[in-house]
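Examination of the molecular architecture
Now for the letters of each chain:
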Amino acid sequence: MENTKSINAEYLHSDIISTVEFNHTGELLATGDKGGRVVIFQREPEVSILQGEYNVYSTFQSHEPEFDYLKSLEIEEKINKIRWLPQQNAAHFLLSTNDKTIKLWKVSERDKRPEGYNLKDEEGRIKDISTVTSLQVPVLKPMDLMVEVSPRRVFANAHTYHVNSISVNSDYETYMSADDLRINLWHLDITDRSFNIVDIKPANMEDLTEVITAAEFHPYHCNLFVYSSSKGTLRLCDMREAALCDKHSKLFEEPEDPSARSFFSEIISSVSDVKFSHSGRYLLTRDYLTAKVWDLNMESKPLETYQVHDYLRSKLCSLYENDCIFDKFECAWNGSDSVIMTGAYNNFFRMFDRNTKRDVTLEASRESSKPRAVLKPRRVCAAGGKRRKDDISVDSLDFTKKILHTAWHPTENIIAIAATNNLYIFQDKLNSEMH
């Protein structure tokens, strides 16, 4: 895999990237950060000198910090999720959300401007009608390309708890937003009301045993969606069965091994991300130590389990003390559903080939950020284990450098990796994900 781009910013807390998302064609890539900003990158045409590199297309402030006076709580501007809508015309639309408010943005281009108004002068001032002696037809004149971003809808006041997921439905008319205890269904044209489709809040909050961690619509069945929980379960729901989907259609849960139970079992089994495969047949989930692939037709156990960083099992106590055990790693499918990707610590990210069962650990770093630099596989050895040359000891891993957010181009072997305040874009020139 080769590096095609590394975008870096002066390190500030507000610069930390909090979400990454390709649009449906892969020509645009959006990132959101903790400062409430959205940066959109556009892929250069293959015929250009830059040969398919991604460069900044537009930057805008999506959310500002707010204050909830009723609850005396600060609402931070951090962008939790970005989701693109399928393109219907020349403009692009995307949804962005912070903890409370979801916004629909229109991104459009303008390369012509009207000239020759009858009632306005060149500066835009209204003319004295008595001075107009003839009529002319206004014309469009070429101008430098300008990208305009405008807010089209604001969906607010529907979530008591922090929004962790948004997902656009395959009907392209509705989308859902999920917080810790509820999932709401919205129509993209209606901002003043939404429909509650899942509510797991108990009558007495002392009875609370789990929270919703992620939710996503099926890629082409508009009635199906899945949500994951902090207990490690997945629930597939069918909106045709009832208006309130508190009773799931299918429950995906792996039986716990009693011999492996520990103080940390419940924490590390919490699902941090769930993604439908492009085919709609499988589910990919990520918990703290593993990535799992589930078949929608088999609820009893995962079809495949991949150890992301099993060498950390002996380090769970210190990871609990420094709060790293609560980190929420995302996961991604490649375009053909044959390879999965997810992040780890020390700016490492992992890829697993489902067909060959081979896997690789790669590093997003300054050394690999030189254009055309080839990524070298990395290997972590457990404490006390035999070390080969270039191996990294688990004791020397940097837990402040973590790859939480990743995205894969929908059709090509191009991946986007968010490493703190850096965005790395890698392209596989050999069309093979594993080395």
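Just so you know, the residues in each chain are numbered from 1, in the order the chain's sequence is written. In keeping with the predicted nature of the model, local features appear solely for residues at pLDDT of at least 70, side-chain atom pairs appear and are counted solely at 80 or more, and the whole-chain, interface and lining totals rest on all residues. Side-chain figures throughout are based on the complete set of non-hydrogen atoms in the structure, without hydrogens or water.

So, on to the overall build of the protein. Counting its secondary structure elements, the protein contains two helices and 32 strands. Computed over its C-alpha atoms, the radius of gyration of the protein comes to 24 Å, within 12% of the 22 Å expected for a compact globule of 435 residues. Along the longest, intermediate and shortest principal axes, the C-alpha atoms of the protein span 95 × 55 × 40 Å. To sort residues, take the accessible area from a 1.4 Å probe on protein chains only and compare it with the maximum for the residue type: under 20% means buried, over 50% means exposed, and anything in between is partly exposed. Among the 435 residues that make up the protein, the fraction classed as buried is 51%. In DSSP terms, a helix is any run of H or I states spanning at least four residues, a strand is any run of E spanning at least two, and both are numbered starting from the N terminus. Restricting the calculation to C-alpha atoms gives the radius of gyration, and the globule rule supplies 2.2 Å times the number of residues raised to the power 0.38.

As a further point, take the sheet that holds strand β27 (residues 359–363). Paired strands, as defined in this entry, are two strands with at least two bridges between them according to DSSP. Strands sit in the order β24-β25-β26-β27 across an open sheet of four strands; the sheet is antiparallel. Both edges of this open sheet fall to β24 (331–333) and β27, since each of them pairs with a single strand only. On average, each strand axis in the sheet is tilted by 20° relative to the strand beside it, whichever way the strands run. Pairing of strand β26 (residues 348–353) with β27 involves five bridges; the strand directions are antiparallel. Within β27, the position partnered with Arg350 by the bridge is Thr361. Orientation is described by lines fitted to C-alpha atoms, with helices fitted over the stretch in contact, and by angles between N-to-C directions that extend from 0 to 180 degrees.

Bringing the pattern of salt bridges into the picture now. Only one rule defines a salt bridge in this text: a Lys or Arg side-chain nitrogen within 4 Å of an Asp or Glu carboxyl oxygen. All told, the structure shown has 22 salt bridges when counted by the stated rule. For Asp310, the salt bridge identified is with Arg313, shortest N-O distance 2.9 Å. The class for Asp310 is partly exposed, based on a relative accessible area of 35%. Linking Asp391 and Arg379 is a salt bridge whose minimum nitrogen-to-oxygen distance equals 2.4 Å.

Counting through the fold element by element, Asn422 comes out in strand β32 (residues 422–427). Here a polar contact means two N or O atoms within 3.5 Å. Within protein one must be a hydrogen donor candidate and the other an acceptor candidate, and residues neighboring in sequence count only if both atoms are side-chain atoms. In terms of polar contacts, Asn422 uses its side chain to reach the side chain of Asn421, at 3.2 Å.

Next up on the list: the side chain of Ser177. Considering the arrangement of structural elements, one finds Ser177 in strand β13 (residues 174–178). Of note is the side chain of Ser177, whose polar atom sits 2.6 Å from the side chain of His159. Polar side-chain contacts of Ser177 include one of 2.8 Å to the side chain of Trp186. Setting aside residues up to four positions removed in sequence, Ser177 forms contacts with Ile102, His159, Ser165, Ile166, Arg182, Ile183, Asn184 and Trp186. Contact definition: two residues touch when any of their heavy atoms are within 4.5 Å.

What follows is about the packing of aromatic side chains. Only centres within 6.5 Å qualify two rings of Phe, Tyr or Trp (six-membered ring in Trp) as a pair; their planes then separate them into stacked at under 30 degrees, edge-to-face at over 60, and tilted for everything else. Taken as a whole, this structure holds 19 aromatic pairs when the rule is applied. With 4.7 Å between their ring centres and 50° between their planes, Phe60 and Trp105 make a pair best called tilted. Of the two residues, Phe60 is situated in strand β5 (residues 54–61) and Trp105 in strand β10 (residues 102–115); the sequence distance between them amounts to 45 residues. When sorted by exposure, Phe60 lands in the same class as Trp105, which is buried. With a centroid separation of 5.0 Å and 35° between ring planes, the pair formed by Tyr306 and Phe352 is classed as tilted. Of this pair, Tyr306 sits in strand β23 (residues 304–307) while Phe352 sits in strand β26, and the two are 46 residues apart along the sequence. Each member of the pair, Tyr306 as well as Phe352, carries the same accessibility label: buried.

We now examine the nonpolar core. By size, the foremost hydrophobic cluster in this structure holds 30 residues, and its most contacted members are Tyr288, Leu312, Leu319 and Leu397. Of all the secondary-structure elements, those providing two or more residues to this core are β21 (282–286), β22 (290–295), α2 (316–321), β24 and β26. Beyond its immediate stretch of four places on either side in the chain, Leu397 contacts Tyr311, Leu312, Asn346, Phe348, Val380 and Ile392. By size, the runner-up hydrophobic cluster in this structure holds 16 residues, among which are Ala332, Met341, Ile403 and Ile415. To define a nonpolar core, start from buried Ala, Val, Leu, Ile, Met, Phe, Trp, Tyr and Cys residues and group those joined through side-chain atoms within 4.5 Å.

As a per-residue quantity, pLDDT reports the predictor's confidence and falls between 0 and 100. In the predicted model, the protein carries a mean pLDDT of 89, and the fraction of residues at 70 or more is 93%. With pLDDT under 50 throughout, residues 431–435 is counted as low confidence; its partners more than four residues away or in other chains account for 19 contacts.

Next up on the list: a nonpolar patch on the surface. Each patch groups residues whose relative accessible area exceeds 30% and which form no salt bridge, using 9 Å between like charges and 5 Å between nonpolar side chains of Val, Leu, Ile, Met, Phe, Trp and Tyr. The Shrake-Rupley method, run with a 1.4 Å probe sphere, supplies the accessible areas, and residue values consider only the shown protein chains as cover. A grouping of Phe263, Tyr320 and Phe326 is seen on the molecular surface, where their side chains present a nonpolar patch of about 330 Å² in accessible area. Mapped onto the elements, Phe326 comes out in the loop between α2 and β24. Given a relative accessible area of 41%, Phe326 falls into the partly exposed group.

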